[in-house]
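Each chain, letter by letter, is given below.
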Amino acid sequence: MVNAQKGELQIKLGEEHLKARLTIDALIRIESANGCSIVQTAQKLSKGECTLTEIINVIAPALKGGGNNFTPKELSQKVWKAGVIEGMRVAGEILTTALDSGQKDEGNEEAEQKSET
C-alpha cells in the first residue's frame, strides 16, 4: 500500500504495477535533467511539448525513489513497450503528485473527515 502523504504512488506502466516515490531529491533531479521547473515540465506535458527524454526524466527518479532500479535503457524500453501516450500519462500522474505534495495538513485528518461529511 502506498502513502500519498509521503509522496508515494502506484503507477501502471503497460502491464506492470510499480511503486514510485517523490522526494525533494527526485524533484531536483527532474528539474536538473529537464532544465526547467516542475511546473514548467507539467505545462510542457499538458501542451504535448515534452520530448521522450523529458518524459523518462520524470519517471526515472520517481521509480528509483519507490525502490526500483532500472537502467535508463531498461526504462526507455518499458516506456516504448507501454506506448508513448502511456508514458505521458504516467509522467503526468507523477507531476500531479509532485505539485499536490504538502497540500494537506497531516495532523488534521480528523477535521478533514468531519468537513467531508
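Since the structure is predicted, the reported quantities are computational estimates derived from the model, not experimental observations.

Brief notes about the environment of Leu95
Then, in step 1: Turning to its location among the elements, Leu95 is positioned in helix H5 (residues 84–100).
Then, in step 2: Take Leu95: its relative accessible area is 3%, and that puts it in the buried class.
Then, in step 3: Between the C-alpha atom of Leu95 and that of Ala42, which follows or precedes it by 53 residues, the distance is 6.2 Å.

So, the side chain of Asn57
Then, in step 1: Relative to the helices and strands, Asn57 resides in helix H3 (residues 52–65).
Then, in step 2: Polar contacts involving the side chain of Asn57 include one to the side chain of Asn34, which spans 2.8 Å.
Then, in step 3: The residues contacting Asn57, other than those within four sequence positions of it, are Ile30, Ala33 and Asn34.

Some thoughts on the nonpolar core
Then, in step 1: Residues Leu22, Ile59, Leu63, Leu75 and Ile94 are the most contacted members of the largest nonpolar core, which totals 25 residues.
Then, in step 2: A total of 6 residues in this core trace back to one element, the largest contributor, which is H3.

Quick notes on the rules
Residues numbered from 1 in each chain as written. Predicted model: local features only at pLDDT ≥ 70, side-chain atom pairs only at ≥ 80, totals over all residues. Heavy atoms only, no water. Helix = DSSP H or I, 4+ residues; strand = E, 2+ residues; numbered from the N terminus. Buried < 20%, exposed > 50% of the residue type's maximum accessible area, 1.4 Å probe, protein only. Polar contact = N/O pair within 3.5 Å; in protein donor to acceptor, adjacent residues only side chain to side chain. Contact = heavy atoms within 4.5 Å. Core = buried A, V, L, I, M, F, W, Y, C linked by side-chain atoms within 4.5 Å.

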